[in-house]
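# Commentary on secondary and tertiary structure
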Amino acid sequence: MDNLLIQVTGKKRVVLFSPRDAQYLYLKGTKSEVLNIDNPDLAKYPLFSKARRYECSLEAGDVLFIPALWFHNVISEEFGVGVNIFWKHLPSECYDKTDTYGNKDPTAASRAAQILDRALKTLAELPEEYRDFYARRMVLHIQDKAYSKNSE
């Protein structure tokens, strides 16, 4: 969900990454495996250096808008109090009705991930060379049909 991070007291450093950089963030579920974003292990995470960082410092009285889907890393630079305000902007039927805090993916995205998992399990029945070929075709099909044609 979209989020306002309101810094009441203290200081924080916030680093944001666009959803378009997800391919460079080494995602495992909804989190990045790259824990030290200031000094990443580039031997282990070589693509991380391609991710574009957006960085700011928040002090008392500052408000930062964090758009839905943007990955963020927040470091407290001194003791402080921050308040987050989240809100849903998709139609209510897009959200899981049991998700009180809005932490789950929209229901259509969850269903698509489950279908993809089944497709990958089916591809696993093929010999490696065939599995590789058809998986690459699927990736190209997804890019053609689902990726935004708009550039940043």
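Keep in mind that what you see is a predicted model, and the values were worked out from it rather than measured.

## Topic: the UniProt feature "domain: JmjC" (unreviewed entry) in the chain
The sites that UniProt annotates as "domain: JmjC" (unreviewed entry) are residues 1-104. Between the first and last C-alpha atoms of residues 1-104 the distance is 10 Å; the span itself is 0% helix and 41% strand.

## Quick word on the nonpolar core
In summary, soluble globular proteins display a tendency toward joint burial of nonpolar side chains. Counting nine residues, the largest nonpolar core is built from V15, F17, Y24, L25, V34, I37, Y45, F48 and A51. When sequence neighbours within four positions are dropped, the list of residues in contact with Y24 reads L47, F48, K50 and A51. Counting residues in hydrophobic clusters, the runner-up holds six residues, among them L5, L16, L64 and I66.

## Regarding the domain arrangement of the chain
Split by domain assignment, the chain resolves into domain 1 (2-89) and domain 2 (94-146). Measuring from the centre of the C-alpha atoms in domain 1 to the corresponding centre in domain 2 gives 26 Å.

## Brief notes about the environment of V83
Summarising the element assignment, V83 is placed in strand β8 (residues 81-87). Considered as a pair, V83 and L27 are 56 residues apart in the sequence and their alpha carbons are 26 Å apart. Setting aside residues no more than four positions away along its own chain, V83 makes contact with L4, L5, I6 and V8.

## Regarding a nonpolar patch on the surface
On the surface, V8, F65, F79, V81, V83, I85 and W87 cluster together into a nonpolar patch covering about 650 Å² of accessible area. Residue contributions to the nonpolar patch peak at four residues, all from β8. Mapped onto the secondary structure, I85 falls in strand β8. On the basis of relative accessible area, I85 is assigned to the partly exposed category, the value being 40%.

## Quick look at the sheet that holds strand β2 (residues 11-17)
The strand order across the open sheet built from three strands is β5-β2-β7, with neighbouring strands paired in antiparallel fashion. Single-partner strands in this sheet number two, and they are β5 (53-59) and β7 (71-76). For this sheet, the mean inter-axis angle between neighbouring strands, taken without regard to orientation, is 20°. As paired strands, β2 and β7 are joined by six bridges and run antiparallel to one another. Considered in β7, the bridge of R13 is made with I75.

## So, the packing of helix α1 (residues 107-123) against helix α2 (residues 128-146)
It is at 10 Å that the axes of α1 and α2 come closest, and there the two elements cross at 155°. Overall, the two elements α1 and α2 adopt an arrangement that is roughly antiparallel. In contact with L116, A119 and L123 of α1, α2 contributes R131, Y134, A135 and M138. Among the residues making up the contact of α1 with α2, the classes are represented as six nonpolar, no polar and one charged.

## As for unusual backbone geometry
The backbone of Y26 shows a phi angle near 55°, a positive value even though the residue is not glycine. At L69, a position not held by glycine, the phi torsion is positive, near 80°. Mapped onto the elements of the fold, L69 is located in the loop between β6 (63-66) and β7.

Thresholds applied
Residues numbered from 1 in each chain as written. Predicted model: local features only at pLDDT ≥ 70, side-chain atom pairs only at ≥ 80, totals over all residues. Heavy atoms only, no water. UniProt positions renumbered as here; feature names shortened; annotations may be inferred. Helix = DSSP H or I, 4+ residues; strand = E, 2+ residues; numbered from the N terminus. Core = buried A, V, L, I, M, F, W, Y, C linked by side-chain atoms within 4.5 Å. Buried < 20%, exposed > 50% of the residue type's maximum accessible area, 1.4 Å probe, protein only. Contact = heavy atoms within 4.5 Å. Domains from an automatic or database assignment. Patch = residues over 30% accessible without salt bridge, like charges linked within 9 Å, V, L, I, M, F, W, Y side chains within 5 Å. Areas by Shrake-Rupley, 256 points an atom, 1.4 Å probe, with all protein chains shown as cover. Salt bridge = Lys/Arg side-chain N within 4 Å of Asp/Glu carboxyl O. Pairing = 2+ DSSP bridges. Axes fitted to C-alpha atoms, helices over the stretch in contact; angles between N-to-C directions. Parallel < 35°, antiparallel > 145°, perpendicular 65-115°, else oblique. Nonpolar A, V, L, I, M, F, W, Y, C, P; charged D, E, K, R; others polar.

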